[in-house]
Amino acid sequence: MSWKIILVLLIGLLAWAYQAFCPPSPRICGSAGGPAIEGPRIKLRDGRHLAYMEHGVPKEIAKYKIILVHGFGSSKHEASIATSELVEKMGIHIVSFDRPGYGQSDPDPKRTIKSTALDIEELGDQLELGSKFYIIGNSMGGQVVWGCLKYISHRFVNLWNDDRLAGAALIAPDQWALRVVHRAPWLVYWWNTQKWFPHSSVITGKPNFTAPDLKVLAKVAVRLADRGYATQQGVYESLHRDMMVGFGRWDFDPMNLENPFADREGSVHLWHGTEDGLVPVSLQRYIAEKLPWIQYHELPNAGHMFAYADNSAKMLS
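As recorded in an unreviewed UniProt entry, the protein goes by AB hydrolase-1 domain-containing protein and comes from Rehmannia glutinosa.

Structure, rendered in structure tokens:
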């Protein structure tokens, strides 16, 4: 009888392990039981759809055309800078989009830094933004900008990057979460859903915001409360895959990139707040030292959320 009990326990353990390590299938927008499709989307080269929003002046009369790349746990609704008076005054047209797996953009199980850069190029083509346009990456959207520098720099006039290259926060839970992502990506879903060990502070809703961030959040919390929309197709294809792609193994080292705008037809700008509690400013100083062709702007008394501050447009100008 004992061997039968052992067999039953073993089968139960295997069933538990399978459920714990295998993420559920995403709830694809427009599918049975999935979220409804609202707003415009483009169909990409591989059949996936990318959801987007347009802001500012009409592109037909715009002097500057910008694609905005949102951060971790956010979406196309992140385009708060589009509400600035400067947008109308300078004739700016902004396109924000849901990165794959976020919001209403189809998941991409094969997503890489390169594939997202190519998605951006195709978005610009289908929306007829011209042969060259601008790009802004905010928070983890900054990692996508590095991919754009590597793979499609010929399409950009300027790249503006609120960078999160390394993303290694100082607090222990995030250090452990990034170790798992980098060394054992097959454990990411389990690690971010289990209750035994600490996981990502951002996923748990407890990021290490500093005083400048808390001040910004007190004013714009309602505007930023779109996590439900951002992850409506499932946390694995949005948040978890974002971590695997952003903090996994890239096929190039950003610190080895050469200036793609040696002909001075474009430039790269990097902004970082000195009071950022999620990503230490020392990382950006290291980047600025290693890549002197990047124009580095350090913002005193600014935190991780500086792009949402009332004077963000002034700080970025």
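**Q** Help me understand the pairing of strand E4 (residues 92–97), please; the structure alone is not making it clear to me.
**A** For a regular strand, the rule is simple: side chains alternate between the two faces of the sheet. The element E4 is extensively covered by neighbouring structure, given that 6 of its 6 residues are classed as buried. Of the two faces of E4, both are covered, the one formed by Ile 92, Ile 94 and Ser 96 as well as the one formed by His 93, Val 95 and Phe 97. Sheet topology places strand E3 (residues 64–69) next to E4; 6 bridges connect them, and they run parallel. Following the sheet pairing, Ile 66 is matched in E4 by Ile 94.

**Q** How do you make sense of the packing of helix H3 (residues 113–126) against helix H4 (residues 141–151) when you look at a structure like this?
**A** Two quantities define a packed helix pair, namely the angle between the axes and the distance from one axis to the other. Running from amino to carboxyl end, H3 crosses H4 at an angle of 80 degrees, the nearest separation of the two axes being 8 Å. Of the possible angle classes, the one that applies to H3 and H4 is roughly perpendicular. Contacts between H3 and H4 pair Ile 113, Lys 114, Thr 116, Ala 117 and Ile 120 from the former with Gln 143, Val 144, Gly 147, Cys 148 and Tyr 151 from the latter. Classifying every residue of the contact of H3 with H4 gives 6 nonpolar, 3 polar and 1 charged.

**Q** Sorry if this is basic, but what is going on with empty space enclosed by the protein here?
**A** Summary: where empty space remains is shown by rolling a probe the size of a single water molecule over the atoms. Counted under the stated rule, the structure contains 2 cavities of 30 Å³ or more. Arg 99, Arg 111, Ile 113, Thr 116, Met 140, Gln 143, Val 144, Asp 242, Val 245 and Gly 246 are the residues that line the second largest cavity. Within the residue set of the lining of the second largest cavity, elements represented by two or more residues are H3, H4 and helix H9 (236–247). Examining the composition of the lining of the second largest cavity, we find that 3 residues originate from one element, H9, more than from any other. Residue composition of the lining of the second largest cavity, grouped by class: 4 nonpolar, 3 polar and 3 charged.

**Q** How should I be thinking about the nonpolar core in this particular structure?
**A** For soluble globular proteins, the rule of thumb is that nonpolar side chains tend to be buried together. If you look at the biggest cluster of nonpolar residues, it comprises 37 residues, and the most contacted ones within it are Ile 120, Leu 123, Trp 146, Cys 148, Phe 156 and Leu 159. Looking at this core, the elements that each hand over two or more residues are strand E2 (49–56), E3, E4, H3, strand E5 (133–138), H4, strand E6 (156–162) and strand E7 (267–273). Looking at which element gives the most residues to this core, the answer is H4, with 6 residues. Ignoring any residue separated from it by four or fewer positions in sequence, one finds Leu 159 in contact with Ile 135, Val 145, Cys 148, Leu 149, Phe 261, Ser 267, Val 268 and His 269. Counting residues in hydrophobic clusters, the runner-up holds 19 residues, among them Leu 187, Ala 230, Leu 239 and Met 244.

**Q** Just checking my understanding: could you explain the environment of Ile 94 for this structure?
**A** Among the secondary structure elements, Ile 94 is positioned in strand E4. Residue class for Ile 94 comes out buried when judged on its relative accessible area of 3%. For the pair Ile 94 and Gly 56, spaced 38 residues apart in sequence, the C-alpha to C-alpha distance is 6.0 Å.

**Q** Even after reading the chapter, I still don't get the pattern of salt bridges, so can you show me in this structure?
**A** Where charged atoms of side chains with opposite charge meet at close range, the side chains can pair. Considering all chains together, one arrives at 12 salt bridges under this definition. The salt bridge involving Asp 119 is made with Arg 48; its shortest N-O contact spans 2.9 Å. Of this pair, Asp 119 sits in helix H3 while Arg 48 sits in the loop between strand E1 (41–43) and E2, and the two are 71 residues apart along the sequence. For Arg 48, a relative accessible area of 7% translates into the label buried.

What counts as what
Every chain's residues receive numbers from 1 upward, in the order its sequence appears when written. Owing to the predicted nature of the model, reporting of local features is limited to residues with pLDDT of at least 70; listing and counting of side-chain atom pairs is limited to 80 or more, with chain, interface and lining totals taken over all residues. Remark: hydrogens and water are excluded; side-chain values derive from all non-hydrogen atoms of the structure. Each residue is placed in one exposure class: buried if its accessible area under a 1.4 Å probe, protein chains only, is under 20% of its type's maximum, exposed if it is over 50%, and partly exposed if it falls in between. Strands here are runs of E lasting at least two residues and helices are runs of H or I lasting at least four, both read from the DSSP assignment and numbered beginning at the N terminus. Strands pair, by our definition, only if DSSP identifies at least two bridges between them. Axes here refer to lines fitted to C-alpha atoms; in helices the fit is confined to the stretch in contact. Angles between the N-to-C directions go from 0 to 180 degrees. Just so you know how the angles are binned, under 35 degrees is roughly parallel, over 145 roughly antiparallel, 65 to 115 roughly perpendicular, and the rest oblique. The contact rule is simple, with two residues in contact once any of their heavy atoms fall within 4.5 Å. Here the nonpolar group is Ala, Val, Leu, Ile, Met, Phe, Trp, Tyr, Cys and Pro; Asp, Glu, Lys and Arg are the charged ones; every other residue, Gly included, is treated as polar. The rule is simple: put a 1 Å grid over the protein atoms alone, call a set of points where a 1.4 Å probe fits but cannot get out a cavity, call an open set with protein on both sides within 12 Å along at least five of seven lines a pocket, and count a residue as lining if it has an atom within 4 Å of a point. Grid points are joined across faces, edges and corners, and a volume is the space filled by probe spheres set on the points. Here the nonpolar core consists of buried residues drawn from Ala, Val, Leu, Ile, Met, Phe, Trp, Tyr and Cys, with membership extended through side-chain atoms lying within 4.5 Å. A side-chain nitrogen of Lys or Arg and a carboxyl oxygen of Asp or Glu constitute a salt bridge if their distance falls within 4 Å.

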